[in-house]
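The chain contents come next:
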Amino acid sequence: MEKILVIGASGQIGSELVMELRKIYGDGQVFATDIKPAPPDITESGPFQLLDVMDDKQLIHFIIRNKITQIYHLAAVLSGNAEKLPLQAWRINMDSLMNILEVARMVEDVHRVFWPSSIAVFGPTTPRMNTPQLTVMEPITVYGVSKLAGERWCDYYFNKFGVDVRSVRYPGLISYKTEAGGGTTDYAVEIYYEAVRKGTYECFLTEDTALPMLFMHDAIKATINLMETDLSKLTIHNSYNLGGFSVTPKQVWQEIKKHIPEFSISYNPDFRQEIADSWPHSVDDTIAKLDWGFNYDYDLEKMTEIMLNEIRKKLN
Ligand code: AKB
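Only a predicted model underlies this, so the values are computations on that prediction, with no experimental measurement involved.

Draft legend 1. Quick look at the pattern of salt bridges. If you walk through the whole model with that rule in mind, you get 15 salt bridges. For Arg197, the salt bridge identified is with Glu194, shortest N-O distance 3.1 Å. Of this pair, Arg197 and Glu194 both sit in helix H7 (residues 187-197), 3 residues apart, which is roughly one turn of that helix. Residue classification places Glu194 among the buried positions, given a relative accessible area of 14%. Among the salt bridges present, the one from Glu194 reaches Lys198, with a minimum N-O distance of 2.7 Å.

Okay, here's the thing in structure tokens:
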């Protein structure tokens, strides 16, 4: 019987992943934790506790007391916020991962870990189109550096200690339930909210900045599929490339305009433009497809319809 710990359950990914895991494994088997309060559906459907992953003693006690078998560690400072406080972001992103890897190494019951990496591991010297799994990696952000270092640690713990840690390099994630916070791809969530709220949006990236994106439904499906795949099928132990679809702010605006014809956009690039310019336009995820059957159901058109409907319901 699996007992699953989700760290970062109140965040953009965690708030949706917890509910999906509870459908599969049972409400009482999925322990949601965060340093901030969680949405009511999470606190009302199963266990939720405030827990700071930086506190290694509290963490290990929680894991032993609750006989945790799998950990999803989603807490992180994203690319935009990390540039404002680089050292704090480095410490939070790295120390939290090291706490989890050490717990997984020491506690026998814990037999699997998920930790997200990001397209931020790539940099301006990386091929930008259809970026390969294995390529030049010279990230220019502290977030990217922490994710790349994290990938190397995951690979090390797998090879050295047999810790079964799995990871994907998420592209930008688009969702309606919980808004993203502090990332460079956040425009692709904000634009939908502002289209519904105000009918106008000022974008912090230029109109032709192409980035790979994934609808949250597909990101959750991919994450759970990877975690459920037999270890013998996995050939990558640092982090799998994950593509999705590549879009620019202009293309998202044009798609929204099909539903809200009066929707207007202006462009006022800020410091995040440099970050976006250093990331891939599109990503080659052939190995994820081959090893564990990654596929995605939503493209820009299908996703836009759902985003606008759900945000309208939420804001009403
Ligand atoms: C960010 O923009 O920082 C994140 C990411 C791509 O990892 N969404």
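Draft legend 2. A look at the pairing of strand E2 (residues 30-34). E2 sits mainly inside the fold: 5 of its 5 residues count as buried. Residues Val30, Ala32 and Asp34 point to one face of E2 and Phe31 and Thr33 to the other, with burial holding for every one of them. With 4 bridges connecting them, strand E1 (residues 4-7) and E2 associate as parallel partners. Bridged to Ile4 within E2 is Val30. One crossover worth recording links E1 to the parallel E2 by way of helix H1 (residues 14-25), and it is right-handed. The pairing of E2 with strand E3 (residues 48-50) spans 3 bridges and is classified as parallel. Note that in E3 the partner of Ala32 across the bridge is Phe48.

Draft legend 3. Looking closely at the environment of Ala82. Of note, Ala82 is situated in helix H4 (residues 79-84). As a C-alpha pair, Ala82 and Lys257 span 175 residues in sequence and 33 Å in three-dimensional space. Leaving out residues up to four positions away in the same chain, Ala82 has contacts with Val77, Ala89, Val142 and Tyr143.

Draft legend 4. Expanded view of a nonpolar patch on the surface. A contiguous nonpolar patch, built from Leu87, Trp90 and Val145 and spanning about 260 Å² of accessible area, is present on the exposed surface. Within the element layout of this structure, Val145 appears in helix H6 (residues 142-161).

Draft legend 5. Looking closely at the sheet that holds E3. Read across the open sheet, the 6 strands follow the order E3-E2-E1-E4-E5-E7; overall the sheet is parallel. Looking along the sheet, the strands with just one partner apiece sit at the ends: E3 and strand E7 (165-166). Where strand E4 (residues 70-73) meets strand E5 (residues 112-114), 3 bridges bridge the pair, whose relative direction is parallel. Paired with Tyr72 across the bridge in E5 is Phe114. Together, E4, E5 and E7 form the strand contacts of helix H8 (residues 216-228), whose direction differs from that of E5 by roughly 160°.

Draft legend 6. A look at unusual backbone geometry. Phi at Lys67 takes a positive value of approximately 50°, unusual for a residue other than glycine. Assignment of secondary structure puts Lys67 in the loop between helix H3 (56-65) and E4. Although it is not a glycine, Asn130 adopts a positive phi angle of roughly 50°. By secondary structure assignment, the location of Asn130 is in the loop between strand E6 (117-118) and H6.

What counts and how
Residues numbered from 1 in each chain as written. Predicted model: local features only at pLDDT ≥ 70, side-chain atom pairs only at ≥ 80, totals over all residues. Heavy atoms only, no water. Salt bridge = Lys/Arg side-chain N within 4 Å of Asp/Glu carboxyl O. Helix = DSSP H or I, 4+ residues; strand = E, 2+ residues; numbered from the N terminus. Buried < 20%, exposed > 50% of the residue type's maximum accessible area, 1.4 Å probe, protein only. Pairing = 2+ DSSP bridges. Right-handed = clockwise from strand over helix to strand, strands pointing away. Contact = heavy atoms within 4.5 Å. Patch = residues over 30% accessible without salt bridge, like charges linked within 9 Å, V, L, I, M, F, W, Y side chains within 5 Å. Areas by Shrake-Rupley, 256 points an atom, 1.4 Å probe, with all protein chains shown as cover. Axes fitted to C-alpha atoms, helices over the stretch in contact; angles between N-to-C directions.

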